[in-house]
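Given next are the chains, with one letter for each unit.
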Amino acid sequence: TRDLHLGGKMTVKEFLNDVRRQHSRVEACKERLKEIEMEVLSIKSPQLGDKIQSNSTRSLDEVVWRLEAKRAETSREFIKLMDLQDKAEALISYEKDHDRWAVLYRRYIINQKWEEIAVQMHLDLRWIYRIHGSSLHDLENTPLKATIEM
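Here's a quick rundown of the structure. (Residues numbered from 1 in each chain as written. Predicted model: local features only at pLDDT ≥ 70, side-chain atom pairs only at ≥ 80, totals over all residues. Heavy atoms only, no water.)

**Structural notes on the overall build of the protein**
- Per the secondary structure count, the protein includes six helices and zero strands.
- Scanning the protein from its N terminus toward the C terminus, one meets helices and strands in the order α-α-α-α-α-α.
- Sorting the 150 residues of the protein into buried and exposed places 32% on the buried side.
- In the structure as shown, the protein presents an accessible area of about 10300 Å², 54% of it carried by carbon and sulfur atoms. (Helix = DSSP H or I, 4+ residues; strand = E, 2+ residues; numbered from the N terminus. Buried < 20%, exposed > 50% of the residue type's maximum accessible area, 1.4 Å probe, protein only. Areas by Shrake-Rupley, 256 points an atom, 1.4 Å probe, with all protein chains shown as cover.)

Encoded structure:
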């Protein structure tokens, strides 16, 4: 993660937003992986009696190599997301108020949009924003923050 402040420490909000950004990165990798898989499936295999050129074998090898490379990249990004989410869950668990905990958990672990959170919790969107803001403010001062490598 990033060092944004003079003291070398991120705010809780910056850290939790990094978790959301990593989730988006994983989703983008998964989408690209699906595209590559579809491309691989669309490659025609040679039919009996077709002339087989060595460059077609090489290009198929390259496609398979690229597919495996994208799978490995996606796995690395997913593992990074899980590590960040573990740290975020530890931080969020410090919140003892159920509604405040739920807003943070839904936003940063489940990766829900604000509107989804409001609907799921049967609360007004503006109230969700207020709960979120006060939760972040309080977590900023928690001793647990100092123990989590952000």
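**Topic: the side chain of Arg-100**
- Along the chain, the position of Arg-100 falls in helix H3 (residues 98-108).
- Other than its neighbours up to four places away in sequence, Arg-100 contacts Glu-95, Ile-131, Ser-134, Ser-135 and Asp-138. (Contact = heavy atoms within 4.5 Å.)

**A short note on unusual backbone geometry**
- Positive phi is not limited to glycine here, since Asn-111 has a value of about 70 degrees.
- Along the polypeptide, Asn-111 turns up in the loop between H3 and helix H4 (114-121).
- The exposure class assigned to Asn-111 is buried, which follows from its relative accessible area of 19%.
- Positive phi, normally seen in glycine, also occurs at His-122, with a value near 60 degrees.
- Mapped onto the elements of the fold, His-122 is located in the loop between H4 and helix H5 (125-140).

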